[in-house]
Amino acid sequence: YQRRVHGEFIKKMIAYKLAQRLKPLALVGRNFFATQAQSQTAQKATRVQQFNELAAFRSAIDNSQPRLHVMFFTAGWNPQCTKAEAELDEISNKHLDYEFYKINSDVAPLAPKYYGVKYEPEFIVCCLGQEMIRHTGLNLKLLEYKLDRVEKHFRGIRFWEGTAQYEEFQTCLLYTSDAADDLLCVDLGGRRIIKKKKIH
């Protein structure tokens, strides 16, 4: 009887020692898979590039010259923007032909003024550097519909050989009087538009 009890005690001790030795390996494996999951999540999130300055925001877009891109204007105080940011990561992984750029209007107040953004969240969908359509609000299914429309339009574009295929985003000032007679303008039924007046 004593031998049997002693043998069971030895077995329990061996099992305990073995478990203690295997425990660090289990933790390493758990940490490895957790790290892998975090890295995959981070890779998905990096499709939306974030900026806090208007100059850096414009420079990044003009230097990369994406054929299709989305400018996302967000604000930290708005809970709808927080929801939109979470869903935008998923949308960016669906629409791989687009580049996505995000800028915080609270941190960079000149950005919404430059692009004429009055409400957040707002999305400006661009093709070859020029604005095609805007979307304001949290209805991101409608945003995806608009992305598909612009992408379909882009696929139907045909370029003459040697022509420029990208233009920098510019703003225009609209006048409803004859005050701009001495400027480089185009007369559109009493309205005069200053063409490509660059704001620095």
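Asks: What should I look at first to understand the packing of aromatic side chains in this one?
Replies: Any two aromatic rings considered together are summarised by their centre-to-centre distance and by the angle between their planes. Under the defined criterion, the tally for this structure stands at eight aromatic pairs. Here a set of aromatic residues connected by ring pairs shows up, and it is made of Phe51, Phe57, Phe73, Tyr101, Tyr114 and Tyr115.

Asks: How do you make sense of the side chain of Glu122 when you look at a structure like this?
Replies: Within the secondary structure, Glu122 sits in strand S4 (residues 122-127). At 2.9 Å, the side chain of Glu122 and the side chain of Arg134 are in polar contact.

Asks: Looking at this model, I keep getting lost on the sheet that holds strand S2 (residues 68-74). Mind explaining?
Replies: Strand pairing in a sheet is mediated by backbone hydrogen bonds. Such pairs are either parallel or antiparallel. Pairing is mixed in the open sheet, where five strands are placed in the order S1-S3-S2-S4-S5. This sheet does not close on itself; its edge strands, each paired only once, are strand S1 (48-51) and strand S5 (130-136). Pairwise comparison of adjacent strand axes, ignoring direction, gives a mean angle of 20 degrees for this sheet. In this structure, S2 lies alongside S4, joined through six bridges in antiparallel fashion. By the bridge assignment, Phe72 is partnered in S4 with Phe123. Of the strands in this sheet, S1, S2 and strand S3 (99-104) touch helix H2 (residues 54-64), which is tilted by about 170 degrees from S3. Along the sheet, helix H5 (residues 140-155) makes contact with S2, S4 and S5, crossing S5 at roughly 165 degrees.

Asks: I would appreciate a short explanation of the state of the cysteines in the present structure.
Replies: Covalent bonding between the sulfur atoms of two cysteines defines a disulfide. Following the criterion strictly, the structure yields zero disulfides and no others. For the unlinked cysteine Cys127, the closest cysteine sulfur is that of Cys126, found at 8.9 Å.

Asks: Would you mind showing me how to read the nonpolar core here?
Replies: Generally speaking, nonpolar side chains in soluble globular proteins are found buried as a group. Counting 18 residues, the largest nonpolar core has Tyr98 and Phe123 as its most contacted members. Ranked by residue count, the leading element in this core is H5, at five residues. For Phe123, the residues in contact, after removing those within four places along its chain, are Val70, Met71, Phe72, Ala84, Leu88, Ile133, Arg134, His135, Gly137, Leu140 and Leu143. Within the second largest apolar cluster, 15 residues are counted, among which are Phe51, Phe57, Ala111 and Ile124.

Asks: Is there a simple way to explain the environment of Ile124 in this structure?
Replies: Within the secondary structure layout, Ile124 lies in strand S4. Residue classification places Ile124 among the buried positions, given a relative accessible area of 0%. When the C-alpha positions of Ile124 and Phe72 are compared, they lie 6.7 Å apart, and in sequence the two are 52 residues distant. In this structure, Ile124 is in contact with His69, Val70, Met71, Phe73, Tyr115, Val117, Glu131, Ile133 and Arg134, ignoring residues within four places of it in sequence.

Conventions and cut-offs
Residues numbered from 1 in each chain as written. Predicted model: local features only at pLDDT ≥ 70, side-chain atom pairs only at ≥ 80, totals over all residues. Heavy atoms only, no water. Phe/Tyr/Trp six-rings, centres within 6.5 Å; stacked < 30°, edge-to-face > 60°. Helix = DSSP H or I, 4+ residues; strand = E, 2+ residues; numbered from the N terminus. Polar contact = N/O pair within 3.5 Å; in protein donor to acceptor, adjacent residues only side chain to side chain. Pairing = 2+ DSSP bridges. Axes fitted to C-alpha atoms, helices over the stretch in contact; angles between N-to-C directions. Contact = heavy atoms within 4.5 Å. Disulfide = S-S within 2.5 Å. Core = buried A, V, L, I, M, F, W, Y, C linked by side-chain atoms within 4.5 Å. Buried < 20%, exposed > 50% of the residue type's maximum accessible area, 1.4 Å probe, protein only.

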